[in-house]
Amino acid sequence: LRGQGYYQEARDLFFKHKDDGYTDRYRNQNHIEVFTDQGDFKTPLEISWNFIRYSENYSRQNSFRSAENSFRDRGKLVAFLDGIRTRVEEEETLNLEIVNLLAEAYAKAGIVAGADEMHLILAEKNPYNQKYALSRALWFSKTGRTEEAIDIIDNLHPAPTIREEVQNQVQLIGFHLKNKS
């Protein structure tokens, strides 16, 4: 319908069926465009949140990235990130994978305060997670806080495999070299 110029009809049809499972197969940007083309950003945020919240990890990342790109293209990235963040914080159980996606998205957008806050939540809630610690260290390194990055790597708990331990040591060497230059 949208492709033939029937924007309102496409919006009405999608909205009518959004809660009955029909839209579960359409996890791409189409649902966002149907509403944002009409100036409605609240509805696609809610639909995107449902896709992100209830999806398996792989689908969650795809849904998040798709919505992130679509909102960015429309100049509404900050509203999207803050909206998802608010919904995550309202949950009884904090979903750390979504917090990590938010940390990465804030960092990619250059929103230092948002990225810092998300990385801090990850560090506080799961200090033993190597992936989150390395992500935080990389973020600190990118923002010129090399000493803090080195400190994180130095204080990592032993990696579960030799391969991961080697990767951590390579990161540490890289941070030290960057710090000396």
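Located above this text is the structure these notes cover.
The structure displayed is predicted, hence computed values, not measured ones.

Draft legend 1. Molecular detail of the packing of aromatic side chains. Summed over the entire model, instances satisfying the criterion amount to three aromatic pairs. Judged by centre distance (6.2 Å) and plane angle (55°), the ring pair of phenylalanine 41 and phenylalanine 71 falls under tilted. You can see phenylalanine 41 sitting in the loop between helix 2 (30–36) and helix 3 (42–54) and its partner phenylalanine 71 sitting in helix 4 (residues 57–73), a full 30 residues away along the chain. Residue phenylalanine 41 is classed as partly exposed on the basis of its relative accessible area, which comes to 24%. Arranged with centres 5.5 Å apart and planes meeting at 55°, the rings of phenylalanine 64 and phenylalanine 80 form a pair that is tilted.

Draft legend 2. Highlighting a negative patch on the surface. Among the surface-exposed residues, Glu147, Glu148, Asp151 and Asp154 lie close enough to one another that they form a single negatively charged patch. If you trace the backbone, aspartate 151 turns up in helix 9 (residues 146–154). Here aspartate 151 falls in the partly exposed class, since its relative accessible area comes to 45%.

Draft legend 3. Looking closely at the pattern of salt bridges. Scanning the model with the defined rule gives 10 salt bridges in all. Here arginine 72 and glutamate 68 are joined by a salt bridge, their closest N and O atoms 3.0 Å apart. Note that arginine 72 and glutamate 68 are positioned in helix 4 at a spacing of four residues, about one turn of the helix. Each of Arg65, Glu68, Arg72, Glu104 and Lys108 takes part in salt bridges that share partners, so that together they form one network.

Draft legend 4. The nonpolar core, seen in detail. Ranked by internal contacts, the top residues of the largest apolar core, which has 35 residues, are Phe64, Phe80, Leu81, Ile84, Val88, Ile98 and Leu102. Of all elements in the fold, only helix 3, helix 4, helix 5 (77–90), helix 6 (96–109), helix 7 (112–125), helix 8 (130–142), helix 9 and helix 10 (162–180) reach the threshold of two or more residues within this core. Examining the composition of this core, we find that eight residues originate from one element, helix 6, more than from any other. Sequence-distant contacts of phenylalanine 64, that is, excluding residues within four places in its chain, are made with Ile52, Phe80, Leu81, Ile84, Leu101, Leu102 and Ala105.

Parameters and conventions
- Residues numbered from 1 in each chain as written.
- Predicted model: local features only at pLDDT ≥ 70, side-chain atom pairs only at ≥ 80, totals over all residues.
- Heavy atoms only, no water.
- Phe/Tyr/Trp six-rings, centres within 6.5 Å; stacked < 30°, edge-to-face > 60°.
- Helix = DSSP H or I, 4+ residues; strand = E, 2+ residues; numbered from the N terminus.
- Buried < 20%, exposed > 50% of the residue type's maximum accessible area, 1.4 Å probe, protein only.
- Patch = residues over 30% accessible without salt bridge, like charges linked within 9 Å, V, L, I, M, F, W, Y side chains within 5 Å.
- Areas by Shrake-Rupley, 256 points an atom, 1.4 Å probe, with all protein chains shown as cover.
- Salt bridge = Lys/Arg side-chain N within 4 Å of Asp/Glu carboxyl O.
- Lys, Arg positive; Asp, Glu negative; His and termini not counted.
- Charge placed at Lys NZ, Arg CZ, Asp CG, Glu CD.
- Core = buried A, V, L, I, M, F, W, Y, C linked by side-chain atoms within 4.5 Å.
- Contact = heavy atoms within 4.5 Å.

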